[in-house]
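Examining the three-dimensional arrangement
As a plain string of letters, each chain reads:
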Amino acid sequence: MSSLLAGKTVVVSGVGAGLGHQVAAAVVRDGGNAVLGARTEANLAKSASDIDPDGAHTAYRATDITDERQCAALAELAVERFGRIDAVVHVAAWDSYFGGIEDADFTTWQSVIDVNLLGSLRMTRACLPALKGCGGSVVFIGTQSSVAAPSQVRQAAYAASKGALTSAMYSLARELGPYRIRVNTVLPGWMWGPPVQAYVQFTAHTEGAEEADVLKRLTDRMALPDLATDGDVADAAVFLASDRARSITGQSLLVNAGELMR
């Protein structure tokens, strides 16, 4: 077990089968305590059991980040159980609404923004009192789509909401810097995990193609010959949550196998 996060407590929102689980697992692997939040308690229980069978380094509470009281309750759980909050990693997101401007349902756009932008900010504010005491870290999970739209799918609402979150990051980094709280964003590209696996399977089925051929279309776009995985993105988030990133704030880190370089 690594000691990168030894003695530290990290709140992780949006813990399901994919990236949120990988972030929480990486926190515990690296010596920290992970406090898990998501809307579905059964997913939280399974994730916590898989990561930390004896329950010594995890706690969880069903949390909808569109509800300020539930955000506050998750932050309170972290302090009650482990005495502190050193970092919060925001994985919770609405990423399943597709389309562009011509077919946009702006009522749904407002809901996407309420989760992806305002939900992350609500959860951040709930953790602030504890973070101020530790000089902690806030890590937003954004998306490469907010800076370069993919050609394979249209997710304009998701990209716009995550782009707004990245813009908010700059203001938060300046506002919270005097408390020694760092604020950064990880921008995944095509990330091998449950959503992209489902995309490859669906596309192959629809086209009557081999899954390996669909995957190759994606990997051919990368400088490296493999997609980044959700575990790779989790490792980047944990690095930014750790003291090894103590002088890094207001930054966006692309984790994308070199598809887009900036």
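Residues numbered from 1 in each chain as written. Predicted model: local features only at pLDDT ≥ 70, side-chain atom pairs only at ≥ 80, totals over all residues. Heavy atoms only, no water.

**With respect to unusual backbone geometry**
Applied cut-off: Helical segments are the DSSP runs of H or I of at least four residues, strand segments are the runs of E of at least two, and each set is numbered from the N terminus.
If you check the backbone angles, Arg 180 has positive phi at about 60 degrees while not being a glycine. As for its placement among the helices and strands, Arg 180 is situated in the loop between helix H5 (156-176) and strand E6 (182-188).

**A few points about the pattern of salt bridges**
Here is the rule: The working definition used for a salt bridge is a side-chain nitrogen of Lys or Arg within 4 Å of a carboxyl oxygen of Asp or Glu. Summary of the burial criterion: residues with accessible area below 20% of their type's maximum are buried, those above 50% are exposed, and those between are partly exposed, where the area comes from a 1.4 Å probe applied to protein chains only.
Counted according to the given criterion, the structure contains 11 salt bridges. Its salt-bridge partner being Arg 29, residue Asp 235 comes within 2.9 Å of it at the nearest N-O pair. Of the two residues, Asp 235 is situated in helix H8 (residues 230-241) and Arg 29 in helix H1 (residues 19-29); the sequence distance between them amounts to 206 residues. Looking at Asp 235, the relative accessible area reads 33%, which means it is partly exposed. Assessed through its relative accessible area of 40%, Arg 29 is described here as partly exposed.

**A short note on the nonpolar core**
Rules: The set of buried Ala, Val, Leu, Ile, Met, Phe, Trp, Tyr and Cys residues whose side-chain atoms join them within 4.5 Å is what this entry labels a nonpolar core. Contacts between residues were defined by any pair of non-hydrogen atoms, one from each residue, lying within 4.5 Å.
Leu 19, Val 23, Val 89, Ile 141 and Val 186 are the most contacted members of the largest nonpolar core, which totals 34 residues. Contributions of two or more residues to this core are made by strand E1 (9-13), H1, strand E2 (33-38), helix H2 (41-51), strand E4 (87-90), strand E5 (137-141) and H8. No other element matches the 7 residues that H8 contributes to this core. If we skip the residues at most four places from it in the chain, Val 23 touches Val 12, Val 89, Val 91, Ala 234 and Val 238. Among the nonpolar cores identified, the runner-up in size contains 30 residues, and Leu 74, Ala 78, Met 123 and Leu 176 belong to it.

**Here we look at helix H4 (residues 106-134)**
Rules: Here the expected length of a helix is defined as 1.5 Å per residue gap, with one fewer gap than residues. Axes are fitted to the seven residues ending at a residue and to the seven starting at it; the angle between these axes is taken as the bend at that residue. Identification of polar contacts relies on pairs of N or O atoms within 3.5 Å, with a donor-acceptor requirement for protein atoms, meaning one able to donate a hydrogen and the other able to accept it, and with residues adjacent in sequence counted only if both atoms are side-chain atoms.
With 29 residues, H4 should cover 42 Å at 1.5 Å per step; its first-to-last C-alpha distance of 40 Å lies within 8% of that length. A maximum bend of about 55 degrees is found in H4 at Leu 128, where proline Pro 129 lies one to four positions downstream. The N-capping residue of H4, defined by a side-chain oxygen 3.1 Å from the backbone nitrogen of Thr 107, is Asp 105. In the stretch just after H4, Gly 135 is the one whose phi turns positive, near 60 degrees.

Structural measurements only, silent on function.
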